[in-house]
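A look at the structure
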2 protein chains.
Amino acid sequence: MSSPGEHWISYTNDLLAGSGLRKSAARTHVIELLGAQHCALSAQEIEHHLGTDGHRVGRASIYRTLEMLVARGLIKRIDMGRAEASFEATMPDGHHHHHMVCSQCGNVAAFDDPQLEAAIDAVAERLSATVNDHDVLLRGICGTCAAS
Amino acid sequence: MSSPGEHWISYTNDLLAGSGLRKSAARTHVIELLGAQHCALSAQEIEHHLGTDGHRVGRASIYRTLEMLVARGLIKRIDMGRAEASFEATMPDGHHHHHMVCSQCGNVAAFDDPQLEAAIDAVAERLSATVNDHDVLLRGICGTCAAS
DNA sequence: GAGTCTAATGAGAATGAGTCCCATTAGCTG
DNA sequence: CAGCTAATGGGACTCATTCTCATTAGACTC
Ligand SMILES: [Mn+2]
Ligand SMILES: [Mn+2]
Ligand SMILES: [Zn+2]
Ligand SMILES: [Zn+2]
């Protein structure tokens, strides 16, 4: 059984293998951690998770890897209104989700909505400009906070 | 002739007048600058504009004013992927626009799309959570950059 | 396997947006 | 005008992110 995350990991490794990049433990660990996630992680969370897993990686290397992956479109930087940015794998088929942040507890929920995607494509069509990426962030009250 | 910005300024001043806040030059200048804008400004841009206009205001007061206005829903904090956040007036009738950033030159264009708003309302309906705000950011190539 | 070249690493310094502190200024009320 | 205290602003501080640079370690040759 190969999860979508494992698919992304091998896809990413294959892509990087043929790019003149040397193999490195630091990069491998960051990529495998990102691939194991179902939602975004911040640089700090990555540093902490890797440390806990016994695969400590220098902060500079984490940021360098993230920058490199963003530049190649393999991950996406996501800003959720917090102090630090988050990063998540981008599926090669373009499939993705967006986020809703609870303004009370800060909890983040992912959602996937084809009709919203269609609406955004339509907007891009209406504006006569080339749109190649978009962010959507909803803010509101999550279920847990609503029941209080 | 009263522009929408002037309307926002008086609306804001009226609202603040009946809130136990003292009148202050610093706050007044920030509010008038924001009201004169048709799109978002960063704290740094505000500091610079006010300095140029001969109305220098301390950085701390600028941030305090922005925080206060955000807390009362009079302005909105907008993150456009840059290092600093931007802020723009929120019209009392809820009317607003979103932004498209050129990934080449960084230029920002505002757009207003009722159909997109309807689509977002529909998403909020589908998720069974209370959604009370949203951000949308498009990234792409602007007209100027496309012609190069 | 040793030698060479240089990409990659990581500790720590540097940067910079935003926050905090606190002595001073200036609205407001009587 | 006096007294009270909200508001100001210079500058210290925080903390995410970037930069520096001496060291490590892939990859390729012999
Ligand atoms: Mn989408
Ligand atoms: Mn909208
Ligand atoms: Zn919540
Ligand atoms: Zn452009």
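Everything discussed here concerns the structure shown above.
**Overview of the protein's contact with DNA strand D**
- Around DNA strand D, the structure places 21 residues, and the nearest of them are R22, Y63 and A85 of chain A together with S24 and R64 of chain B.
- Close to the protein, within 4 Å, the atoms of DNA strand D are drawn from sugar and phosphate at a rate of 65%.
- A distance of 3.0 Å is found between a base oxygen of DNA strand D and a side-chain nitrogen or oxygen belonging to R22 of chain B.
- At 3.0 Å from a phosphate oxygen of DNA strand D is found a main-chain nitrogen or oxygen belonging to G58 of chain B.
- Only helix 3 (43-52) and helix 4 (59-71) of chain A together with helix 2 (25-35) and helix 4 (59-71) of chain B provide two or more residues apiece to the surface near DNA strand D.
- The residue makeup of the surface near DNA strand D, split by class, is nine nonpolar, four polar and eight charged.

**Some thoughts on the relation of the copies chain B and chain A**
- Between chain B and chain A, which share one sequence, the superposing operator has a rotation angle of 179 degrees and an axial displacement of 0.0 Å; the RMSD is 0.1 Å. As the rotation angle and translation indicate, the two copies are arranged about a two-fold axis. Residue V136 of chain B of chain B places its C-alpha closer to the rotation axis than any other residue of that unit, at 2.3 Å.
- Most of the interface of chain B is mirrored in chain A: 100% of its interface residues are interface residues there too.

**Some words on helix 1 (residues 4-17) of chain A**
Residue and element names in this part refer to chain A.
- The end-to-end C-alpha distance of helix 1, which contains 14 residues, comes to 20 Å, matching closely the 20 Å that a straight helix rising 1.5 Å per residue would cover.
- Here helix 1 has its buried residues at G5, W8, I9, T12 and L16. Along helix 1, the residues classed as buried sweep out an arc of 100 degrees about the axis, all on the same side. Exposed side chains of helix 1 directed beyond 90 degrees from the buried face belong to P4, D14 and A17.
- On its buried side, helix 1 packs onto helix 2 (25-35), helix 4, strand 2 (75-78) and strand 3 (86-89).

**Things to note about the coordination of the zinc ion (ligand 3)**
Residue and element names in this part refer to chain A.
- Protein-derived coordination of the zinc ion (ligand 3) comes from C102 (SG), C105 (SG), C142 (SG) and C145 (SG), at a distance range of 2.1 to 2.5 Å.
- Around the zinc ion (ligand 3) sit four donor atoms, and with donor-metal-donor angles ranging over 100 to 122 degrees the site reads as tetrahedral.
- Ordering the donors of the zinc ion (ligand 3) by residue number gives the pattern C-x2-C-x36-C-x2-C. A residue pair is termed long-range when its members are at least 10 positions apart, and C102 in strand 4 (residues 98-102) and C145 in helix 6 (residues 143-146) qualify at 43 residues.

Criteria and cut-off values
Residues numbered from 1 in each chain as written. Chains lettered and ligands numbered in written order. Predicted model: local features only at pLDDT ≥ 70, side-chain atom pairs only at ≥ 80, totals over all residues. Heavy atoms only, no water. Near = heavy atom within 4 Å. Polar contact = N/O pair within 3.5 Å; in protein donor to acceptor, adjacent residues only side chain to side chain. Helix = DSSP H or I, 4+ residues; strand = E, 2+ residues; numbered from the N terminus. Nonpolar A, V, L, I, M, F, W, Y, C, P; charged D, E, K, R; others polar. Least-squares fit on C-alpha atoms with pLDDT ≥ 70 in both. Contact = heavy atoms within 4.5 Å. Expected span 1.5 Å × (residues − 1). Buried < 20%, exposed > 50% of the residue type's maximum accessible area, 1.4 Å probe, protein only. Arc of directions from axis to C-beta. Donors = N, O, S within 2.8 Å, 3.2 Å for Na, K, Ca; no water. Tetrahedral: all angles 85-135°; square planar, octahedral: opposite > 155°, others 65-115°.

That is the geometry; function is a separate question.
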